[in-house]
Amino acid sequence: MITTADGTIGAQTARPADHPVLGAAGLASPASLYRPLTVADTVEILADGAADLLAGGTDLVPALRTGRRRPRRIIALRRVLELRTRGASADGLIIGAGVTYQDLAGWSLSPGLAATARVVGSPQIRNLGTVGGALGTADPRGDLLTFLSAADAEVVLRSVHGARTVTVPSYLAEGRDPTELITAVRLPRPCGPQAYLKVGARQAASAAVVSCALVVDRVRERVACAIGGVAGRPVRPVAAEDFVRAGVDWATGTAPPDVVAGFGELVTEAVRAVEDPLPDDPRASVAYRRHAAGVLAARAAGRCLSGPSPVRSAGGR
Amino acid sequence: MSEPAYRNVSVDEDPACPSHDAGPRVSYQLHIDGGVREVAGAWFGESLLRVLRDHLGVLSVKDACEQGRCGSCSVLMDGRLVTSCTVLAADAADAQVTTVAGLGVGGPARAVQAAFLAHGAVQCGFCTPGFVVAVTDLLARRPDADEDEIRESLAGNICRCTGYGRIIAAIRSVQEARRRPGDTRWRPGTGQRPGTDQRQGTGR
């Protein structure tokens, strides 16, 4: 049981009705930590748009400590079990917003997502960080954002007015309304090799300086690529995707080395052309990131399009 | 709030933490190393690390980066390895929290601690509690992890003294001892997953 210092109602059941908010400003504040058990309760508490959401805590808790974020109300989502489910249907995969990186790391239904999750942070962070948290924070270097952009994923948001589904690019452009809860991510079932590669300050437990996700769809004969860490949002190098798509022998799913190399060069060109490049920072210059994007893209294409390699994981590091 | 004797500056007055004035204070119980501890009047945004150290005096949980990067504050929460600096303490009220003191005898914790001493894996010692928690968690899940997997699994624990070589040597020795016939110190499958045996540990 949680009680506030002034003895007001506990935050355990977390229905807004249980928290009489005193009308006169300054007399008292409502209980500031809510720990709901259901999505329905969560969106009710969120209805006035005045609460911060706590998922895995890896971003919010350090920000509370330094004072960078100072919410009056926090909704902790750890106990909302319906957010922690994942599953597959005929037409796609659905992953609850509360699913952790560790949950995804061993998920055989999406090898690219598993490969991405395995290189996020450290075991400690992977045990805490969630899909919904990654989208909520929307760090331009976020590993998961890069992969979800390449995988043509959609974000499911819910408020008291109902649910809506938006593509990842439009979610990243428009953001989440403060009254909405990210409940899930949907993405198509994998239909071919997938890879996620990143460069960072260290091989492990390090944020990506540049990342590259590649998703090959051998049924629809498409190649999708996303580059993270070069702009405010992951970049889709459309011309490079079209080039490699035309160069793949779709009967075997392979591409010759010159197509793979040309793909890397076109990705570098696409990164050069982005309108909102992330500026030089102490970890990497713009020129380095542009170069690294092309190298990673060609490497990823080499792994995914170099012919049968039944054993090797397409997502290796 | 009763002030721990070791600390002569209260958290509220720490000028580096202006946000501590924002939001009300809350009281709740935490389940630490099998015992129940009362937290009274803690700022609602306090991390589990700060509550363990400042409110409950659990000083084996070390405080270095407070950004989830160094691993010195590692604990198990419901049997999962986490950095306590990135956990909201009040949201851990119904979880079982296990520090190095509560790892118990069911898993490899004792053998890990002995091997750390025998192999010089403890130098300044600041990172050691976090490492012991992380290594115990790893060996309970993956007793035969090879060196690559060990290094990758410990990437979230930073040591600035040993260069990691002695830590790896200590872990390898635990693994070798386990494979030796007649060794009874620790066998996987005979004990519980660390952090799930709540009869062990004293909470201190």
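The coordinates are above.
No experiment lies behind these values; they were computed from the predicted model shown.

Caption draft 1: Layout of the overall build of chain A. Regarding its fold elements, chain A presents eleven helices and twelve strands. Across the 317 residues of chain A, 51% fall into the buried class. Long-range contacts, defined as pairs at least 24 residues apart, comprise 60% of the intrachain contacts of chain A with a sequence gap of at least 6.

Caption draft 2: Layout of the environment of Ala 207 of chain A. Residue and element names in this part refer to chain A. Its location among the elements puts Ala 207 in the loop between β10 (194-200) and β11 (208-217). Given a relative accessible area of 44%, Ala 207 falls into the partly exposed group. For the pair formed by Ala 207 and Asp 143, sequence separation is 64 residues and the distance between their alpha carbons is 8.1 Å. Once residues within four sequence positions are removed from consideration, Ala 207 is found in contact with Lys 198, Val 199, Gly 200, Ala 201 and Arg 283.

Caption draft 3: Just the nonpolar core, in detail. Of all hydrophobic cores here, the largest spans 48 residues; its most connected members are Leu 113, Leu 135, Leu 148 and Leu 187 of chain A. Here this core gets five residues from one element, more than from any other, and that element is helix α7 (residues 143-150) of chain A. Not counting residues up to four positions away in its chain, the partners in contact with Leu 148 of chain A are Leu 113, Leu 135, Ala 153, Val 168, Val 185 and Leu 187 of chain A. One finds Leu 128 of chain A together with Ile 32, Leu 49 and Val 61 of chain B within the second-largest nonpolar core, a separate group that totals 36 residues.

Caption draft 4: Highlighting the environment of Leu 53 of chain A. All names here are of chain A. Along the polypeptide, Leu 53 turns up in strand β3 (residues 52-54). The spacing of Leu 53 and Gly 132 is 79 residues in sequence and 9.9 Å in space, taken between C-alpha atoms. Once residues within four sequence positions are removed from consideration, Leu 53 is found in contact with Thr 42, Leu 46, Leu 60, Ile 75, Leu 77, Arg 176, Glu 180 and Leu 181.

Caption draft 5: Just the interface of chain B and chain A, in detail. On the chain A side, the residues contacting the 47 residues of chain B number 41 residues. In this assembly, chain B packs against chain A so that about 3,300 Å² is buried in total across both faces, 55% of it on carbon and sulfur atoms. The interface formed by chain B and chain A holds eight salt bridges in total. Close ionic contact of Arg 78 of chain A with Asp 91 of chain B constitutes a salt bridge, the shortest N to O distance being 3.6 Å. Breaking the side of chain B that touches chain A down by element, the ones donating at least two residues are β1 (25-32), β3 (74-77), β4 (80-83) and α4 (147-153) of chain B. Of the residues in the side of chain B that touches chain A, the class split is 22 nonpolar, 15 polar and ten charged.

Caption draft 6: Inspection of the sheet that holds strand β7 (residues 154-159) of chain A at higher detail. All names here are of chain A. Pairing in this open sheet of five strands is antiparallel, and the strands run β5-β6-β9-β7-β8 from one edge to the other. Edge strands, defined here as strands with exactly one partner in the open sheet, are β5 (86-88) and β8 (162-167). Mean inter-strand twist for the sheet, computed between neighbouring axes without regard to direction, equals 20°. As paired strands, β7 and strand β9 (residues 181-187) are joined by five bridges and run antiparallel to one another.

What counts and how
- Residues numbered from 1 in each chain as written.
- Chains lettered and ligands numbered in written order.
- Predicted model: local features only at pLDDT ≥ 70, side-chain atom pairs only at ≥ 80, totals over all residues.
- Heavy atoms only, no water.
- Helix = DSSP H or I, 4+ residues; strand = E, 2+ residues; numbered from the N terminus.
- Buried < 20%, exposed > 50% of the residue type's maximum accessible area, 1.4 Å probe, protein only.
- Contact = heavy atoms within 4.5 Å.
- Core = buried A, V, L, I, M, F, W, Y, C linked by side-chain atoms within 4.5 Å.
- Buried area = accessible area lost by both parts, 1.4 Å probe.
- Salt bridge = Lys/Arg side-chain N within 4 Å of Asp/Glu carboxyl O.
- Nonpolar A, V, L, I, M, F, W, Y, C, P; charged D, E, K, R; others polar.
- Pairing = 2+ DSSP bridges.
- Axes fitted to C-alpha atoms, helices over the stretch in contact; angles between N-to-C directions.

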